[in-house]
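# What the coordinates show
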Amino acid sequence: MGKMKKNKISYLLLDYGLLLALLLIIVVVSFISENFFSTNNMLNILRQVSVTGVMALGVSIVIIAGHMDLSIGSILSLSGVVVMTMVNDYSMDGVGVLMALGAGAAVGLINGVIIAAITGKKARTGESFIITYGMQTAIAAFTLLVTNGVYINGKGGGFHSQIGKGMWPIIIFVGMAIVFYLLMNKTPFGRTIYFIGNNEPAARMSGVNVKFYTVAIFVIAGFCAGLAGVILSSRVNAASSTAGNGMELDAIAAVVVGGTALTGGKGGIGRTVLGVVVLGVLQNALHILNVTTYPQMIIRGSIIVLAVLFDVLAGKIKEKGGKV
Amino acid sequence: MRTAEKRIKFQPSKYIVLFLLIFLTILMTIMLDNFFTFNNIKNIFASFSVYGVTTIAMTYAIICAEFDLSVGSIMAFTSLVFANLANSTNLVTAIIVSLLVGLMFGALNGVIVAVGKVSSFVATLGTQIAIKGLALYYTDGYQVPIYSTTAYKMGNGELLGIPYLVLFFFLMLSLAWYVLKYTRFGRNLYAVGGNYDMAKLAGIKSWFYKFMIFVILGFCASISGIMIACRVASGNALHGADLTMTAVAAVVVGGTSLNGGSGGVWRTLAGLLVIYLLFNALTLLGLSAYWQQFLKGLIVIIVIVADALIQRHKED
């Protein structure tokens, strides 16, 4: 019995080791700075992570299904530009928001249809990676062409300007997280996605319409990126064609740090929320410690690599029955 | 054995790229007055020789079924190292140290992928951000002008009307072609990329090849970094931002399959030519650089889709 318990603890460490390490950093920082643990700072962190968080929720489903979506960053820019243009030039507030969400879902639909069409009898993750990489480049360029690279400043007021204010970003993020958690854990839809991520050929053979699910996950990821774009453009009251550059990496980093395996079939929404919050807190802690943007990039990149290395290592240890 | 048969039967768009190249050249010669002039052709070659060197290395990686997103960041970082050292010491030291930096980053990627067994997409996604951060941190985001006139001459001089950079590109291309075709290293690359497990069973140290691929990529990316620094007489953390996309586009347009195990460097040259001919046409037509970017993304998607559909057709 004692051995079993010991194994359980080592499994827990293997599953959440990186998160624990990061939590340790946070505790250290909280001792250094007084206003770190204030309610205001905590709310601030949640507000900051809500944009990346909503994106990360969408992309976790894609990753659980064994795919990848690199185009979400440029979808975020596109969505911001769409909603700002609609609000400014056509004074269409609610419709503008809907159109931005639709634009995100539409790009996701294109991604999904292409990827569903080309993944033949055997699954090839590399292809969704490269297709969405191409899409990222094309959509970013499209947004630049539309705006000529110029910032669009909002006029303020109206429905759209409220979405990014006060508690709304947090409410949207938490609400989306609950919906996604239920979707992935309590519905046949979610279970099927885990099935596909674990063993696509088996899913195909047991009659799962893999193509439908492939399209669906990319539409969801696109929609989430669109929503993130609406929140961000409302929060800063501006939209730019480069707003989302590199943000897909932040979202993917959160998923990876949370411990969702990039090979598909493992992980979950709860882990992504943890990853988002931990990275957000880390960023805030680095700010408090006066670490500037560029060294933060170095740390962020290293964390992604370490997280994946840790994941591979943990998988190996588990195969050997928990012995280090 | 089935996969081996399939590979022999299926040779992705083997001649499509050549037809495309000839078609584009004829079309553009007819449509655009100033296209088929010596100066314009020279310009096309000069504009891709910098990225071309890394694109050759990317061909190796894709033959080996690997991928590197970090080459742009390595290129940016080495351009800064080169610029700083060219100003403070001499050119030889600057070149040697820059190349060593490239080798070091390449080896880092190689260890993570080959020894750590992390997928190369994700590993280089991480190092891409980290190295870019390092480059920005190094000079606080400022560009570094190079004062050496020799460096400028290296980047802009010509021999018999052909730029040094173009000559150097073809030197590298020939070397890469020779290694791929006539050495054991080259042949084993195809084996490792085609079927990792089979190559392992045949006694090939697969991890070593995966490792070497990233060392070569890092090395070539640092060469591109030195080349761009000489050409524009400055090091900049923003150099090479679109290097990965351009390299991948050129390799896949050339017809090297992303599944690994097939392809070659001459195909990559054809791919580079097709892409830069299109860019050149856009410039001559007076369209903005954003269109080039848009086209690049679109080309990659179209080629991958076409490739997959042709493959599906052959399988059925």
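Our structure's up above, just so we're on the same page.
Predicted, not measured: the structure shown is a model, and the values here were computed from it. (Residues numbered from 1 in each chain as written. Chains lettered and ligands numbered in written order. Predicted model: local features only at pLDDT ≥ 70, side-chain atom pairs only at ≥ 80, totals over all residues. Heavy atoms only, no water.)

Within chain A one finds 13 helices and two strands. The C-alpha radius of gyration computed for chain A amounts to 20 Å, which stays within 12% of the reference 20 Å derived for 324 residues, consistent with globular compactness. When the backbone C-alpha atoms are referred to their principal axes, chain A occupies close to 70 × 55 × 35 Å. Counting only residues that meet the buried cut, chain A has 56% of its 324 residues in that class. Considering only intrachain contacts with a sequence separation of at least 6, the fraction spanning at least 24 residues in chain A is 80%. Computed over 22 positive and 11 negative side-chain charges, the separation of the two mean positions in chain A equals 12 Å. (Helix = DSSP H or I, 4+ residues; strand = E, 2+ residues; numbered from the N terminus. Rg over C-alpha atoms; globule rule 2.2 N^0.38 Å. Buried < 20%, exposed > 50% of the residue type's maximum accessible area, 1.4 Å probe, protein only. Contact = heavy atoms within 4.5 Å. Lys, Arg positive; Asp, Glu negative; His and termini not counted. Charge placed at Lys NZ, Arg CZ, Asp CG, Glu CD.)

What follows concerns the packing of aromatic side chains. Enumeration according to the criterion identifies 19 aromatic pairs over all chains in this entry. Ring geometry for A:Phe212 against A:Tyr213: centres 5.3 Å apart, planes inclined by 80°, an arrangement best described as edge-to-face. Classification of A:Tyr213 as buried rests on a relative accessible area of 15%. Ring geometry for B:Phe67 and B:Phe121: centres 4.7 Å apart, planes at 40°, overall tilted. Highlighted residues: B:Phe67 in the loop between helix 3 (38–63) and helix 4 (71–88) and B:Phe121 in helix 6 (residues 120–138), separated in sequence by 54 residues. (Phe/Tyr/Trp six-rings, centres within 6.5 Å; stacked < 30°, edge-to-face > 60°.)

What follows is about the interface of chain B and chain A. The interface is formed by 44 residues belonging to chain B together with 41 residues belonging to chain A. In total, about 3600 Å² of surface goes out of reach between chain B and chain A, with carbon and sulfur atoms giving 80% of it. Remark: the boundary between chain B and chain A carries zero salt bridges. The tally of links between chain B and chain A comes to zero residue pairs in polar contact (both at pLDDT 80 or more). In terms of residue count, helix 14 (residues 289–315) of chain B provides more of the side of chain B that touches chain A than any other element does, 15 residues in total. Broken down by class, the residue content of the side of chain B that touches chain A amounts to 26 nonpolar, twelve polar and six charged. (Buried area = accessible area lost by both parts, 1.4 Å probe. Salt bridge = Lys/Arg side-chain N within 4 Å of Asp/Glu carboxyl O. Polar contact = N/O pair within 3.5 Å; in protein donor to acceptor, adjacent residues only side chain to side chain. Nonpolar A, V, L, I, M, F, W, Y, C, P; charged D, E, K, R; others polar.)

Attention now goes to a positive patch on the surface. On the surface, a cluster of positive charge is contributed by A:Lys316, A:Lys320, B:Lys117 and B:Lys200. Judged by its relative accessible area of 40%, A:Lys316 is partly exposed. (Patch = residues over 30% accessible without salt bridge, like charges linked within 9 Å, V, L, I, M, F, W, Y side chains within 5 Å. Areas by Shrake-Rupley, 256 points an atom, 1.4 Å probe, with all protein chains shown as cover.)

It is worth spelling out the pattern of salt bridges at this point. Residues and elements named next belong to chain B. As enumerated under the stated definition, the model contains five salt bridges over all chains in all. Here glutamate 66 ties to lysine 210 by a salt bridge, and the two come within 2.7 Å at their closest N and O atoms. Placement of the pair is glutamate 66 in the loop between helix 3 and helix 4 and lysine 210 in helix 11 (residues 206–232), with a sequence separation of 144 residues. By relative accessible area, which is 10% here, glutamate 66 ends up buried. Using a relative accessible area of 9% as the deciding quantity, one classes lysine 210 as buried.

Any covalent bond linking the sulfur atoms of two cysteines counts as a disulfide. All names here are of chain B. For the structure on display, the rule yields zero disulfides over all chains. Here cysteine 220 is not cross-linked by a disulfide; its sulfur's nearest cysteine counterpart is in cysteine 64, at 14 Å. By relative accessible area, cysteine 220 is classed as buried at 6%. Here cysteine 230 stays unpaired: no disulfide links it, and the sulfur of cysteine 220, its closest cysteine neighbor, is 16 Å away. Under the relative-accessibility criterion, cysteine 230 is labelled buried at 3%. (Disulfide = S-S within 2.5 Å.)

With that out of the way, let us pick up the packing of helix 12 (residues 243–254) of chain B against helix 13 (residues 265–284) of chain B. Residue and element names in this part refer to chain B. Contact pair helix 12 / helix 13: the axes reach a minimum separation of 7 Å and the direction vectors enclose 115°. It follows from the interaxial angle that helix 12 and helix 13 lie roughly perpendicular. Classified by chirality, the crossing of helix 13 by helix 12 is right-handed. Here Thr246, Ala249, Ala250, Val251, Val253 and Gly254 of helix 12 lie close against helix 13, whose contacting residues are Arg267, Thr268, Gly271, Leu272, Val274, Ile275 and Tyr276. (Axes fitted to C-alpha atoms, helices over the stretch in contact; angles between N-to-C directions. Parallel < 35°, antiparallel > 145°, perpendicular 65-115°, else oblique. Left-handed = near helix turned anticlockwise from the far one by under 90°.)

In terms of nonpolar packing, the biggest core is built from 194 residues, with A:Ile193, B:Met58, B:Tyr60 and B:Phe82 touching the most fellow members. No other element matches the 14 residues that helix 10 (residues 210–236) of chain A contributes to this core. Not counting residues within four places of it along the chain, the set of residues in contact with B:Met58 comprises B:Asp68, B:Val71, B:Leu217, B:Thr244, B:Ala247, B:Val248 and B:Val251. (Core = buried A, V, L, I, M, F, W, Y, C linked by side-chain atoms within 4.5 Å.)

Residues and elements named next belong to chain B. By the secondary structure assignment, leucine 175 is in helix 8 (residues 164–182). Residue classification places leucine 175 among the exposed positions, given a relative accessible area of 51%. Expressed as a C-alpha distance, the spacing of leucine 175 and valine 265, which sit 90 residues apart in the sequence, is 10.0 Å.

A cluster of nonpolar side chains, B:Leu20, B:Ile22, B:Phe23, B:Ile26, B:Leu27, B:Ile30 and B:Met31, forms an exposed patch at the surface whose accessible area comes to about 730 Å². Secondary-structure assignment places B:Ile30 in helix 2 (residues 16–31).

The next subject is the packing of helix 11 (residues 247–258) of chain A against helix 13 (residues 293–319) of chain A. The axes of two packed helices give the description: the angle between them and the distance between them. All names here are of chain A. The contact between helix 11 and helix 13 brings their axes to 9 Å, and the two run at 35°. In the crossing of helix 11 with helix 13, the sense of the turn from one axis to the other is left-handed. Between helix 11 and helix 13, the contacting residues are Leu249, Asp250, Ala253, Val256 and Val257 on the first element and Arg300, Ile303, Ile304, Ala307 and Val308 on the second. The class makeup of the residues in the contact of helix 11 with helix 13 is eight nonpolar, no polar and two charged.

Time to look at helix 8 of chain B. Residues and elements named next belong to chain B. With 19 residues, helix 8 should cover 27 Å at 1.5 Å per step; its first-to-last C-alpha distance of 27 Å lies within 8% of that length. Three or more residues of helix 8 are buried, namely Leu165, Val166, Phe169, Met172, Leu173, Ala176 and Leu180. Mapping the buried residues of helix 8 onto a view down its axis gives an arc of 125°, with all of them on the same face. The outward face of helix 8, more than 90 degrees from its buried face, is lined by the exposed residues Leu171 and Leu175. (Expected span 1.5 Å × (residues − 1). Arc of directions from axis to C-beta.)

In this structure, A:Thr214 sits in helix 10. Setting aside residues no more than four positions away along its own chain, A:Thr214 makes contact with A:His67, A:Gly112, A:Ile115 and A:Ala116.

On to unusual backbone geometry. Residue and element names in this part refer to chain B. We note that leucine 160 has phi near 55°; this positive angle belongs to a residue other than glycine. Note on placement: leucine 160 falls in the loop between strand 2 (158–159) and strand 3 (162–163). Its identity as a non-glycine residue notwithstanding, alanine 233 has a phi of 55°, on the positive side. With respect to the helices and strands, the residue alanine 233 is situated in the loop between helix 11 and strand 4 (234–235).

So yeah, pure geometry; function would need other evidence.
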